[in-house]
Amino acid sequence: MNAAQPDTVVLVHGLWMTPRSWEAWVDHFRAEGLNVVTPGYPGFDIEVEALRENPEIIAKLTVPETVDHLAGVIEALPKPPIIMGHSFGGTLTQLLLARGLGAAGVVIDSAPTEGVRVSPLSQVRSLFPALKNPANRHRAVGFTPEEFHYAFTNTLSEEESRQVWERYAIPAPGHWVWEYGLFANLKPGPQETWVDYAADRAPLLFIGGSEDHIMPPSVNRSNARHYDKSPAVTEYYEFEGRDHWTCGATGWEAVADHALAWAREHAATSDPVG
């Protein structure tokens, strides 16, 4: 490997998931000769089954403490890594790049940072299980298998979706959905998912899936366009026929390979961010 190339990929999971959701990508990238780090959010460092039994241990988690935790993991690495995030992990990846971390970033089916006001009906329907009860702001909220099938795995059969749900799905902090999916753009001043869209940072690729219900392509395209005034490279790429479970559904290798090739190319040709 070229000494100038990043030798580590940091994979940041999304809501309703844990680092287990990256298990296939870990082996895939290690076969490429890379170190792979899959940090969990604080409190997410136990197994899926344990979190289902006691989801309240993550109900009060905040975004700032999560970003601080992930930043600490990245800062401890010998040199800047490629950072890839899925879903809300995409939001966190954008916040990490905004701190000057990473050699390149890829966000896949990303939840938006503050200021992205596109909310398609399929997204509203997907998030409704968490939004339908104000009390959910103070709870950890999960999807039923049927709700998960619509939001995450709508291109799979019911049986296939149920298998994914059983292996990977956990509850998520309900106030994250309320605060960042509903109210962030209604409050004055920068909130916790705000970034300076005009600032310089490492190159960033948005990957969308044409059939994604919970974070549709229009959300990711809008998020990418917010960076138009930044001197940093920002690009968008869309995979046809793929839903929100694109990192695990059949054909995920094409997504992983595209993300890695883009990140390697742009990390090698970009100047370090001060």
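Residues numbered from 1 in each chain as written. Predicted model: local features only at pLDDT ≥ 70, side-chain atom pairs only at ≥ 80, totals over all residues. Heavy atoms only, no water.

K.L.:
In this structure, what is going on with the pattern of salt bridges? I would like to understand it.
P.N.:
Note on pairing: side chains with opposite charge can pair once their charged atoms come close. A full pass over the atoms with the stated rule returns seven salt bridges. Glutamate 47 is paired through a salt bridge with arginine 20; the nearest N and O atoms lie 2.6 Å apart. With glutamate 47 in the loop between strand S2 (35-37) and helix H2 (48-53) and arginine 20 in the loop between strand S1 (8-12) and helix H1 (23-30), this pair connects stretches of sequence that are 27 residues apart. For arginine 20, a relative accessible area of 14% translates into the label buried. For aspartate 68, the salt bridge identified is with arginine 99, shortest N-O distance 2.6 Å. Note that aspartate 68 is positioned in helix H3 (residues 63-75) and arginine 99 in the loop between helix H4 (88-98) and strand S4 (104-108), a separation of 31 residues in sequence. For aspartate 68, a relative accessible area of 45% corresponds to the partly exposed category. Each of Arg20, Glu47 and Glu49 takes part in salt bridges that share partners, so that together they form one network. (Salt bridge = Lys/Arg side-chain N within 4 Å of Asp/Glu carboxyl O. Helix = DSSP H or I, 4+ residues; strand = E, 2+ residues; numbered from the N terminus. Buried < 20%, exposed > 50% of the residue type's maximum accessible area, 1.4 Å probe, protein only.)

K.L.:
Could you clarify how one ought to interpret the environment of isoleucine 207 in this entry?
P.N.:
On the secondary structure map, isoleucine 207 appears in strand S7 (residues 204-209). Taking relative accessible area as the criterion, isoleucine 207 reaches 1% and is therefore assigned buried. When the C-alpha atoms of isoleucine 207 and valine 164 are compared, they prove to be 21 Å apart, with 43 residues separating the residues in sequence. Each residue touching isoleucine 207, except ones within four places of it in the same chain, is listed here: Val106, Val107, Ile108, Asp109, Asn220, Tyr237, Phe239, Val255, His258 and Ala259. (Contact = heavy atoms within 4.5 Å.)

K.L.:
When you look at the environment of arginine 137 in this model, what are you seeing that I'm missing?
P.N.:
By secondary structure assignment, the location of arginine 137 is in the loop between helix H5 (121-131) and strand S5 (140-141). A relative accessible area of 30% means that arginine 137 is categorised as partly exposed. Sequence separation between arginine 137 and aspartate 7 is 130 residues; the distance between their C-alpha atoms is 39 Å.

K.L.:
Just to check I follow, could you spell out the sheet that holds strand S3 (residues 82-86) for this structure?
P.N.:
Note on sheets: strands pair through backbone hydrogen bonds, and any given pair is parallel or antiparallel. On the basis of which strands lie adjacent, the open sheet formed by six strands has the order S2-S1-S3-S4-S7-S8 and parallel pairing. Edge positions in the sheet fall to S2 and strand S8 (234-239), since each of these pairs with one other strand and no more. Sheet twist, expressed as the mean angle between neighbouring strand axes with direction ignored, is 20°. Most of the contacts of H1 go to S1, to which it runs at about 170°, and overall it touches S1, S2, S3 and S4. (Pairing = 2+ DSSP bridges. Axes fitted to C-alpha atoms, helices over the stretch in contact; angles between N-to-C directions.)

K.L.:
Honestly, the side chain of aspartate 212 in this entry has me stumped. Any pointers?
P.N.:
Structurally, aspartate 212 can be placed in the loop between S7 and helix H9 (217-225). Buried within the structure, aspartate 212 lacks any salt-bridge partner; arginine 242 is the closest side chain of opposite charge, at an N-O distance of 9.8 Å. Separated by 3.0 Å, the side chain of aspartate 212 and the backbone nitrogen of isoleucine 214 make a polar contact. Once you skip the residues sitting within four places of it in the chain, aspartate 212 turns out to touch Asp109, Ser122, Ala151, Pro217, Arg242, Asp243 and His244. (Lys, Arg positive; Asp, Glu negative; His and termini not counted. Polar contact = N/O pair within 3.5 Å; in protein donor to acceptor, adjacent residues only side chain to side chain.)

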